[in-house]
Amino acid sequence: MATIAFIGTGKIAQAFIKGLAEAKWNLVAYDPSTEALKLAEKLGATSEKDSISAVKKAETVIVCTKPEKVTTVLNELSGDLGKKLVISVAAGVPTQKILAALNKKIALVRAMPNTPSLVSAGITAIYGEEGSNLEKVDLLMSSVGNTVRLKKEDHIDVATAISGSGPAYAFLLIEAMALIGVELGLSKEISLNLAKNTVFGAGKLCMAASDSPEILRENVTSPGGTTEAALKILMNENSLKNLMADAIKAAHQRSLELRK
């Protein structure tokens with residue numbers, strides 16, 4: 001089995017390490033943080049003393065550093081990248097910016113995963129220019145969930161706003177549902193259990209059903225019933241749809257700003 005090197009072992013890297021280790025890939029990792037590197041070891045990676053040592057042992061390099069450090073890190077590693085496949089998960093750092101900083105051609109693919117990858121339920125959007133080994137990237141990323149291939153690199157910014165940041169939106173919904181349950185008399189434990197399982201179940205049903213989300217929503221809504229009463233609030237002029245649209249547009253705009 002080919003070896004994969006992780007440069008940076010933060011939350012997203014940890015999700016990948018856990019999933020790929022369970023899928024029996026050989027993993028090496030480097031992070032300047034001793035604590036983060038120890039966690040990567042617990043999840044199934046072998047730690048290395050520096051990034052160059054990690055890269056030399058691998059055929060594929062996954063760069064999980066902060067966006068502002070990606071070009072610097074890859075520049076330091078450029079002499080050891082050779083024909084290796086490089087995957088960048090940095091938001092807002094376009095392919096051309098990375099290649100320009102390296103001043104050399106490498107096999108580069110951008111990926112935008114999300115944190116449910118920690119439980120093998122992630123969705124990763126990938127983009128690679130002509131000649132990129134997208135089949136291999138699909139294989140790797142499918143170890144922690146599903147993948148979608150984007151036809152335009154600009155669409156990475158949209159995926160960032162929808163699926164990259166999206167788990168936070170769902171967690172906020174669960175948080176809000178659980179809080180009001182407590183306010184209305186439920187225990188915190190029961191209210192949170194109801195909220196978490198409702199969102200989980202709705203997502204699972206939506207994935208399994210052939211009907212659209214709109215039809216599924218209508219199936220829950222009886223005329224004059226409790227759901228209709230709630231939806232009158234959620235679908236008024238200042239509707240949840242409009243609020244979500246504004247939120248996702250704000251995330252998208254921030255992703256565009258990070259390119260600069």
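As a reminder, the structure under discussion sits directly above these lines.
Residues numbered from 1 in each chain as written. Predicted model: local features only at pLDDT ≥ 70, side-chain atom pairs only at ≥ 80, totals over all residues. Heavy atoms only, no water.

A. Broad picture of the overall build of the protein chain. When helices and strands are tallied, the protein chain shows 12 helices and eight strands. Once the C-alpha set of the protein chain is aligned to its principal axes, its extents read approximately 70 × 35 × 30 Å. Residues counted as buried form 39% of the 260 residues belonging to the protein chain. Entry remark: accessible area of the protein chain is about 14800 Å², with carbon and sulfur atoms responsible for 58%. Taken as two groups, the 30 positive and 27 negative side-chain charges of the protein chain have centres that lie 5 Å from each other. (Helix = DSSP H or I, 4+ residues; strand = E, 2+ residues; numbered from the N terminus. Buried < 20%, exposed > 50% of the residue type's maximum accessible area, 1.4 Å probe, protein only. Areas by Shrake-Rupley, 256 points an atom, 1.4 Å probe, with all protein chains shown as cover. Lys, Arg positive; Asp, Glu negative; His and termini not counted. Charge placed at Lys NZ, Arg CZ, Asp CG, Glu CD.)

B. Geometry of the nonpolar core. Within the largest apolar cluster, 25 residues are counted, with the highest numbers of intra-cluster contacts made by I4, F6, L20, L27 and I87. Broken down by secondary-structure element, the contributors of at least two residues to this core are β1 (3–7), α1 (11–22), β2 (26–30), α2 (34–43), β5 (85–88), β6 (107–112) and α6 (134–141). Among all residues touching L27, those that are not within four sequence positions of it are I4, F6, I17, L20, A21, G44, A45 and T46. Grouped together as the second largest cluster of nonpolar side chains are 21 residues, I7, V73, L99 and L108 included. (Core = buried A, V, L, I, M, F, W, Y, C linked by side-chain atoms within 4.5 Å. Contact = heavy atoms within 4.5 Å.)

C. View of the pattern of salt bridges. All told, the structure shown has six salt bridges when counted by the stated rule. For the salt bridge of K18 with E22, the shortest nitrogen-to-oxygen distance reads 3.2 Å. Of the two residues, K18 and E22 both sit in helix α1, four residues apart, roughly one turn of that helix. Judged by relative accessible area, which is 27%, K18 ranks as partly exposed. When the shortest N-O distance is used, the salt bridge between E257 and R254 registers 3.2 Å. Separated by three residues within a single helix, E257 and R254 lie in helix α12 (residues 240–257), roughly one turn from each other. According to the relative accessible area criterion, E257 is partly exposed, its value standing at 32%. Residues participating in the shared-partner salt-bridge network are E135, D138 and R149. (Salt bridge = Lys/Arg side-chain N within 4 Å of Asp/Glu carboxyl O.)

D. Just the pairing of β6, in detail. Most of β6 is tucked away: five of the six residues are buried. With four bridges joining them, β5 and β6 adopt parallel strand pairing. Counted as the bridge partner of I87 is V109 from β6. (Pairing = 2+ DSSP bridges.)

E. α2, seen in detail. All of the buried residues along α2 are A36, L37 and A40. All buried residues of α2 fall inside an arc of 100° around its axis, so they share one side. For α2, the exposed residues lying more than 90 degrees away from the buried face are T34, E35, K38 and K42. For α2, the secondary structure elements touched by its buried residues are α1, β2 and β3 (46–47). Count one or two residues on from α2 and you reach G44, which has phi positive near 130°. (Arc of directions from axis to C-beta.)

F. Quick look at unusual backbone geometry. In this structure, K24 takes a positive phi of about 70° despite not being glycine. Structurally, K24 is set in the loop between α1 and β2. Despite not being glycine, S120 has its phi angle at roughly 55°, a positive value. Within the secondary structure, S120 is located in the loop between β6 and β7 (122–128). On the accessibility criterion, S120 (37% relative accessible area) is partly exposed.

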